[in-house]
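Next come the chains, spelled out residue by residue.
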Amino acid sequence: MIDLHLVRDDPRRVKAALARRGIPPEEVDAITRLDGMHRAALKRQETLRAQVKRLSREVGGKRHAGDAEGAAALADESRRVGEEEREAAQEVDRLAGDLRDLLLVMPNLPAEDVPDGAGPEDNVILRHWWPGREGGTPEPVPGEHQRVPHWDVGSRLGILDMPRGARLAGSMFPLYRGDGARLLRALTSLALSRHADAYEEIRPPTLVLTETMVSTGHLPKFADEAYHIERDGLWAIPTAEVPLTSMHRGEILEEADLPVRLTAVSQCFRREAGAAGRDTRGLLRVHEFEKVELFAYATPAQARALHADILARAEGLLRDLALPYRVVDLCTGDLGTSSARTFDLEVYAPGSDRWLEVSSVSWFGDYQARRANVRFRPAAGGPPVLVHTLNGSALAWSRVWAALVEWGRQPDGSVRLPDVLSPWFGPEPTIRPR
RNA sequence: GGAGGGAUGGCAGAGCGGACGAAUGCGCGGCUCUUGAAAAGCCGUGGGACUCCGGUCCCCGUGGGUUCGAAUCCCACUCCCUCCGCCA
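Read on for an overview of the structure. (Residues numbered from 1 in each chain as written. Chains lettered and ligands numbered in written order. Predicted model: local features only at pLDDT ≥ 70, side-chain atom pairs only at ≥ 80, totals over all residues. Heavy atoms only, no water.)

## Examining the overall build of chain A
For chain A, the helix and strand inventory stands at 13 helices and 16 strands. Reported as C-alpha extents along the three principal axes, the dimensions of chain A are approximately 100 × 45 × 45 Å. Out of the 434 residues belonging to chain A, those deemed buried represent 50%. Within chain A, counting contacts between residues at least 6 apart in sequence, those at least 24 apart form 74% of the total. When the accessible surface of chain A is split by element, carbon and sulfur atoms take 50% of a total near 20600 Å². Separation of charge centres in chain A, based on 57 positive and 64 negative side chains, amounts to 2 Å. (Helix = DSSP H or I, 4+ residues; strand = E, 2+ residues; numbered from the N terminus. Buried < 20%, exposed > 50% of the residue type's maximum accessible area, 1.4 Å probe, protein only. Contact = heavy atoms within 4.5 Å. Areas by Shrake-Rupley, 256 points an atom, 1.4 Å probe, with all protein chains shown as cover. Lys, Arg positive; Asp, Glu negative; His and termini not counted. Charge placed at Lys NZ, Arg CZ, Asp CG, Glu CD.)

This is the structure we're talking about:
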């Protein structure tokens, strides 16, 4: 949630920042108006409430003094005021609810250095990397044998079985087998070990309460994007960011304990409701995938360095895996609702001939922390302050899997894997037909 | 799934209808005493909303209800503990 106090104190700044995202200024005015009404109603209710409390105390006093008549008279008066107070309270509740509804769907203010733009076409590509680039090796040109999409490579090698996945769960639910399944396990294991020096490994629940989804910003606005188990009131997480953000929900942390750095692997579930018919082949876009996430709660002063660290770690993994990638600075038109600044990492997949998003590294400011009510007590004293949250995938395996299989394909149809995977696939890691 | 017990401040733990935002102890911070420390003593010590900066209001698991008045009574739910059943 954006800061209501900021809307009050500096509405022009809020409007200007949100205008960059295409939010009309009237929506900010609507918040200001409701806020004013809410505060007025609150004042009225509290005044009445104070009266009831005072009268009730006097009833007690009179009764103790043996003045039954006086007590009854005051009780009558208190009852009348109490009824008024009850009505006022209903008005307060109604206005508070309306205000909250507006605030919950209002996106975060973009950071000042986010490039302006209307959509993905205006994102800024910051840099490219490919194996050997630092040493002057030219950008790789895929050979004909690498121009085979991973769904073909996968089915020929018997490591990816989309038809059987569809039999179990419908389309876009992949089923990996043999070395294909083992590759996923290897990638997760590799990544978690890489982050273990600074990030505590967490295994969170995959199904979470509504409140947990609201805290990150996935609800109420994007309910259509998530799988919902109505009978139990639970939601399937679209990313481990969701449970990790709520891990300390409602807590006041000590500044000395920050940053809290966490890493988690989880299944990620996405309905992809708005993407019907797009990128439906193979693993380009799936309803369920596995992802290792990096996450941090930080002080505002620590946030920038952590954002850089998470990005560096995600890039480091791609370099270890020798996959050509580019770093994309998301423009205001493509920035996620909760994010203030996001860098995407996209891997080139030669068989599919597409750039695949395999990581999204975001700084949320205090937007999520305000929803989740996660604060820290400043070491220097003073009232608790909202933390900043940050996260990034490192990495989303379905698309990494696709890129590895396409880049690794040899003229004989086997797939050569990067050497970092030797612990799982032997000295010259290769997947051959069974 | 069934039976019972519980949920109060950083922790422990009283309170069971009226001045209770809450005794007491521990912890923590400050001060006094001391060469220093310990001990002892004194003072302080939750979060939040609104504010005409005087204050007012809310929070005793959550949500309803009863009452002039609820931490305290009633109802529902959640979570925790014990036992039984079932189960990977």
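## Remarks on the packing of helix 3 (residues 25-64) against helix 4 (residues 68-105)
In contact at an axis separation of 7 Å, helix 3 and helix 4 are set at 160° when each is read in the N-to-C sense. Comparing their axes, helix 4 and helix 3 come out roughly antiparallel. In the packing of helix 3 onto helix 4, the handedness of the crossing is left-handed. Partitioning the contact of helix 3 with helix 4 into residue classes produces 22 nonpolar, seven polar and eleven charged. (Axes fitted to C-alpha atoms, helices over the stretch in contact; angles between N-to-C directions. Parallel < 35°, antiparallel > 145°, perpendicular 65-115°, else oblique. Left-handed = near helix turned anticlockwise from the far one by under 90°. Nonpolar A, V, L, I, M, F, W, Y, C, P; charged D, E, K, R; others polar.)

## Thoughts on the nonpolar core
Across soluble globular proteins, nonpolar side chains have a tendency to be buried as a group. Counting 63 residues, the largest nonpolar core has Leu323, Leu395, Val400 and Trp401 as its most contacted members. For this core, the element with the most residues is helix 12 (residues 397-408), which contributes eight residues. What Leu323 contacts, discounting residues up to four positions off in sequence, is Trp129, Leu318, Val347, Val400, Ala403, Leu404 and Trp407. With 28 residues, the next largest nonpolar core counts Leu18, Val28, Val242 and Tyr367 among its residues. (Core = buried A, V, L, I, M, F, W, Y, C linked by side-chain atoms within 4.5 Å.)

## Concerning the protein's contact with RNA strand B
Every one of the 23 residues lining RNA strand B counts as a neighbour, but Arg39, Lys43, Arg49, Ser56 and Ser78 are closest to it. What you see for RNA strand B is that sugar and phosphate hold 71% of its atoms within 4 Å of the protein. Take Ala75: an N or O atom from its main chain is 3.2 Å from a sugar or linking oxygen of RNA strand B. With respect to RNA strand B, the side chain of Arg86 contributes an N or O atom lying 3.0 Å from a phosphate oxygen. Elements with a contribution of two residues or more to the surface near RNA strand B: helix 1 (4-9), helix 3, helix 4 and strand 12 (375-377). Ranked by the residues each element gives to the surface near RNA strand B, the list is headed by helix 3, at 13 residues. (Near = heavy atom within 4 Å. Polar contact = N/O pair within 3.5 Å; in protein donor to acceptor, adjacent residues only side chain to side chain.)

## Some details on the packing of aromatic side chains
Under the criterion given, the structure shown has six aromatic pairs. Relative to Tyr297, the ring of Phe295 lies with its centre 4.9 Å away and its plane at 75°, an arrangement referred to as edge-to-face. The exposure classification of Phe295 matches that of Tyr297, with both residues buried. Three or more aromatic residues link up through ring pairs in this structure, and these residues are Tyr348, Trp355 and Trp407. The side chain of Arg182 reaches across the aromatic face of Phe425, ending 4.9 Å from its centre. (Phe/Tyr/Trp six-rings, centres within 6.5 Å; stacked < 30°, edge-to-face > 60°. Lys NZ or Arg CZ within 6 Å of the ring centre and 35° of its normal.)

## A word on the environment of Ile237
Turning to its location among the elements, Ile237 is positioned in the loop between strand 5 (234-236) and helix 9 (241-246). When the C-alpha atoms of Ile237 and Pro205 are compared, they prove to be 8.6 Å apart, with 32 residues separating the residues in sequence.

## Overview of the layout of surface pockets
Rolled over the atoms, a probe as big as a water molecule pinpoints where empty space is left. For the second largest pocket, the calculated volume is near 710 Å³. Along its surface, the second largest pocket is lined by 29 residues, and Leu109, Pro110, Ala111, Ala340 and Trp363 are the ones closest to its centre. Broken down by element, the lining of the second largest pocket gets its largest block of residues, six residues, from helix 10 (residues 300-320). (1 Å grid on protein atoms, 1.4 Å probe; cavity = no way out; pocket = protein on both sides within 12 Å on 5 of 7 lines; lining within 4 Å. Points joined across faces, edges and corners; volume = space filled by probe spheres on them.)

## Some points on the sheet that holds strand 10 (residues 341-349)
Spatially, 1-9-10-11-14-8-7-2 is the arrangement adopted by the eight strands of the open sheet, whose pairing is mixed. The two strands at the open ends of the sheet, each matched to only one other strand, are strand 1 (124-129) and strand 2 (200-202). On average, adjacent strands in this sheet sit at an angle of 25° to one another, irrespective of strand direction. Packed onto the sheet, helix 7 (residues 179-195) meets strand 2, strand 7 (260-269), strand 8 (288-298) and strand 14 (388-396) and runs at close to 10° relative to strand 8. (Pairing = 2+ DSSP bridges.)

## What about the sheet that holds strand 13 (residues 385-386)?
Within a sheet, adjacent strands bond to each other through the backbone by hydrogen bonds, running parallel or antiparallel. Spatial ordering of the open sheet is given by 6-12-13, a layout of three strands whose pairing is mixed. Each edge of the open sheet carries a strand with a single partner, namely strand 6 (252-254) and strand 13. Here three bridges tie strand 6 to strand 12, and the two strands are oriented parallel to one another. Opposite Glu254, over in strand 12, you have Arg377 as the bridge partner.

## Focus: unusual backbone geometry
For the bond from Leu219 to Pro220, the omega torsion is 0°, close enough to zero to count as cis. Tracing the backbone shows Pro220 in the loop between helix 8 (210-216) and strand 4 (228-229). In this model, Leu258 is joined to Pro259 through a cis peptide bond whose omega is 0°. Checked against the element boundaries, Pro259 lands in the loop between strand 6 and strand 7. One non-glycine residue, Asp353, lies in the positive phi region at around 50°. Relative to the helices and strands, Asp353 is located in the loop between strand 10 and strand 11 (354-363). Of note, Asn373 is a non-glycine position whose phi angle comes to about 55°, a positive value.

## Considering the pairing of strand 14
When you tally the buried positions in strand 14, you get nine out of nine residues, the bulk of the element. Sheet topology note: the strand 8/strand 14 ladder contains seven bridges and is antiparallel. Bridge pairing in strand 14 places Tyr297 opposite Thr389. Bridge analysis of strand 11 against strand 14 gives three bridges, and the strand direction is antiparallel. Looking at the pairing, Ser362 lines up with Asn391 of strand 14.

Function cannot be inferred from these measures alone, as they are strictly geometric.
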